Amino acid sequence: MNTSLKSRNHAQTKAKNVSGPIKPYGGRLVNRVTDDEALTGETKVLPTIQITPRILADLYMVAVGALSPLEGFMDSATYESVLETMKLTNGLPWSIPVVLPATQQEVAEFHVGDRVALIAPDGTLAAKLDVTEIFEPDFAHEALSVYGTEDAAHPGVAALQTFGPKYVAGSIHYVYANDISGFPADNLTPAETRVRFDEAKWGTVVAFQTRNPIHRAHEYLHKCALEMVEGLLIHPLVGETKPDDLPADIRMESYRTILDLYYPKDRVLLSVLPAAMRYAGPREAIFHAIIRRNYGCTHFIVGRDHAGVGDYYGSYDAQEIFDEIDADLLGIVPLKFEHAFWCTRTGQMASNKTSPSTPEERVFLSGSEVREMLSRGERPPVEFTRPEVADILMKMY
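Note that the structure is predicted; figures quoted are calculated from it, not measured.

Draft legend 1. Focus on the overall build of the chain. Within the chain, the secondary structure is distributed over 15 helices and 14 strands. Relative to the 2.2 N^0.38 estimate, which gives 21 Å for 397 residues, the radius of gyration of the chain is 21 Å and therefore close to what a compact globule would have. Dimensions of the chain, computed from C-alpha atoms along their principal axes, come out at roughly 70 × 45 × 45 Å. With 397 residues in all, the chain has 56% of them scored as buried. Considering only contacts within the chain whose residues lie at least 6 apart along the sequence, 75% involve residues at least 24 apart. Element-wise, carbon and sulfur atoms account for 50% of the exposed surface of the chain, whose accessible area totals about 16,200 Å². Charge centroids of the chain, computed over 38 positive and 53 negative side chains, lie 6 Å from each other.

Structure below.
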């Protein structure tokens, strides 16, 4: 994919008149994908850091500009600022550290000012990094700040506990030769989605983050949002998730099916987000919004328990955190929706704002409840999902 990715990025950065409906975060779409073949030739003489799929995902996101204005992995001042104030050192809101962990043995082989090779899980070169700092993180502080807990049962905290004892900061030069998403045809870069939005003449675009199949409540949110904006980006996260989350290939099949049958084709774009899931609840909602601004979106759907897991966060904490952020600096509008349900009285999807029904007339189903139904061989009801999506889920189980 690397040659294709390089040619795609260069073609789009040359098209100065193609910008999408909103400026990238920080004013410029970062591009750290390199076509300098000399960088690949020096690998054998460089010290190395072995990276995980999670770090490879962050590396890719930085390289294609999804994490603009970042050009690499954070230094200690930026790391501390994000933990303490939810801001970069330049004052821009930012909620999740983007860091490069390394082992003690790895950092013993290089110093500040050196260049190191970042080795992907498949053993090939992923990127070069110009080292600006090596520092010791405070993992307990990071866990409490980002996830609100030190509980190792939280998947974000569990991932943090696998990190090496050092963080390495520096700018990157991305050279990885393989697709990281599993869906190369659907993995549009921020530059490419902006081109698509311009071509469609969408002046306003709402993004929807998901790691689940689209069910009736999601569809309700999408179509409410489409009454307010010109385009919808369905942007499923296909990077590392919890083991009990549905596989990305099944989800993608369900997305294509429901979009083909139940959505207006000229107002929706499907593209994957090859990021790792943090399950950081409120902080991840801000992080996801920033990412979607870089992809060219002007609005972002925030529903109940966005990016949540277990009972670590309140149902609407992920909406309330936007009230703590400078809206002008964030620059993307959160669309906050209440928990939607099937109303048996009106025979349609509704929320507390639109339904006169009693609690007994409301059908709520969570993703975990549906997974339990499927594991028992039970078909999800039509009140939860479209029958064509139910067929796909039943086939998987």
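The structure having been displayed, the exposition proceeds.
Draft legend 2. Just the environment of Met349, in detail. Inspection of the secondary structure assignment puts Met349 in strand S13 (residues 348-350). A C-alpha to C-alpha distance of 9.6 Å links Met349 and Phe384, two positions 35 residues apart in sequence.

Draft legend 3. A look at the sheet that holds strand S14 (residues 362-363). Spatially, three strands are ordered S13-S12-S14 in an open sheet, and the strand pairing comes out antiparallel. A strand with exactly one partner marks an edge of an open sheet, and here the two such strands are S13 and S14. Bridge count between strand S12 (residues 341-343) and S14: two bridges; the pairing is antiparallel. Within S14, the residue paired with Trp342 across the bridge is Val363.

Draft legend 4. View of the nonpolar core. One finds Leu59, Trp94 and Leu118 to be the most contacted residues of the largest nonpolar core, which totals 84 residues. Ranked by residue count, the leading element in this core is helix H3 (residues 53-63), at seven residues. With residues up to four places along the chain from it excluded, the contact list for Trp94 reads Tyr25, Leu67, Ser68, Pro69, Leu70, Met74, Val82, Met86, Lys87, Leu88, Phe287 and Ile290. Listed in part, the 36 residues of the second largest apolar core include Leu259, Val272, Leu335 and Ile392.

Draft legend 5. Summary view of the packing of helix H10 (residues 248-262) against helix H15 (residues 387-396). Where H10 contacts H15, the two axes come as close as 9 Å, and the packing angle between them is 165 degrees. Taken together, the axes of H10 and H15 are roughly antiparallel relative to one another. For H10 against H15, the interelement crossing comes out right-handed. Within the contact between the two elements, H10 uses Ile250, Glu253, Ser254, Thr257, Ile258, Leu261 and Tyr262 and H15 uses Pro387, Glu388, Val389, Ile392, Leu393, Lys395 and Met396. Its residues assigned to classes, the contact of H10 with H15 shows nine nonpolar, two polar and three charged.

Draft legend 6. A look at the side chain of Arg211. Of note, Arg211 is situated in the loop between strand S7 (205-210) and helix H9 (216-226). At 3.3 Å, the side chain of Arg211 and the backbone oxygen of Gly308 are in polar contact. Beyond its immediate chain neighbours, meaning those up to four positions away, Arg211 contacts Leu237, Lys242, Asp245, Arg251, Tyr255, Met277, Tyr279, Ala307 and Gly308.

Draft legend 7. Representation of helix H14 (residues 367-375) in the model. Within H14, burial applies to Val370, Arg371, Met373 and Leu374. Taken down its axis, H14 places every buried residue within 160 degrees of arc, on the same side. Contacts made by the buried residues of H14 are with H15.

Draft legend 8. Spotlight on the state of the cysteines. A complete count under the given rule lists zero disulfides for this structure. You can see Cys297 has no disulfide; the closest cysteine sulfur is in Cys224, sitting 18 Å from it.

Draft legend 9. Looking closely at the pattern of salt bridges. One pass over the structure, following the stated rule, counts 18 salt bridges. Across the pair Arg256 and Asp186 runs a salt bridge whose closest N-O atoms are separated by 2.6 Å. Taken together, the residues span a long stretch of sequence, with Arg256 in helix H10 and Asp186 in the loop between strand S6 (166-174) and helix H8 (190-200) at a distance of 70 residues. On the basis of relative accessibility, which here comes to 17%, the residue Asp186 falls in the buried class. The closest approach of N and O atoms between Asp244 and Lys242, which form a salt bridge, is 2.7 Å.

Draft legend 10. Highlighting the sheet that holds strand S8 (residues 231-236). Strand order in the open sheet formed by five strands is S9-S8-S7-S10-S11, and the pairing between neighbours is parallel. The sheet is open, and its two edges are formed by strand S9 (268-270) and strand S11 (333-336), each paired on a single side. Going across the sheet, the axis of each strand differs from the next one's by a mean of 25 degrees, ignoring polarity. The strands that H10 touches are S7, S8 and S9; relative to S9, the one it contacts most, it runs at about 160 degrees. Where helix H11 (residues 282-294) meets the sheet, its contacts fall on S7, S8 and strand S10 (299-302), and the angle it forms with S10 comes to roughly 150 degrees.

Draft legend 11. Seen up close, the pairing of S7. Extensive coverage of S7 is indicated by the burial of six of its six residues. Side chains Val205, Ala207 and Gln209 of S7 all project onto a buried face; the interleaved residues Val206, Phe208 and Thr210 project onto the opposite face, where all are buried too. Two strands pair when backbone bridges link them, and S7 and S8 are joined in this way by six bridges, in the parallel orientation. Its bridge partner lying in S8, Gln209 is registered against His235. For the crossover that starts at S7, traverses H9 and ends in the parallel S8, the hand is right-handed.

Reading the values: the criteria
Residues numbered from 1 in each chain as written. Predicted model: local features only at pLDDT ≥ 70, side-chain atom pairs only at ≥ 80, totals over all residues. Heavy atoms only, no water. Helix = DSSP H or I, 4+ residues; strand = E, 2+ residues; numbered from the N terminus. Rg over C-alpha atoms; globule rule 2.2 N^0.38 Å. Buried < 20%, exposed > 50% of the residue type's maximum accessible area, 1.4 Å probe, protein only. Contact = heavy atoms within 4.5 Å. Areas by Shrake-Rupley, 256 points an atom, 1.4 Å probe, with all protein chains shown as cover. Lys, Arg positive; Asp, Glu negative; His and termini not counted. Charge placed at Lys NZ, Arg CZ, Asp CG, Glu CD. Pairing = 2+ DSSP bridges. Core = buried A, V, L, I, M, F, W, Y, C linked by side-chain atoms within 4.5 Å. Axes fitted to C-alpha atoms, helices over the stretch in contact; angles between N-to-C directions. Parallel < 35°, antiparallel > 145°, perpendicular 65-115°, else oblique. Left-handed = near helix turned anticlockwise from the far one by under 90°. Nonpolar A, V, L, I, M, F, W, Y, C, P; charged D, E, K, R; others polar. Polar contact = N/O pair within 3.5 Å; in protein donor to acceptor, adjacent residues only side chain to side chain. Arc of directions from axis to C-beta. Disulfide = S-S within 2.5 Å. Salt bridge = Lys/Arg side-chain N within 4 Å of Asp/Glu carboxyl O. Right-handed = clockwise from strand over helix to strand, strands pointing away.

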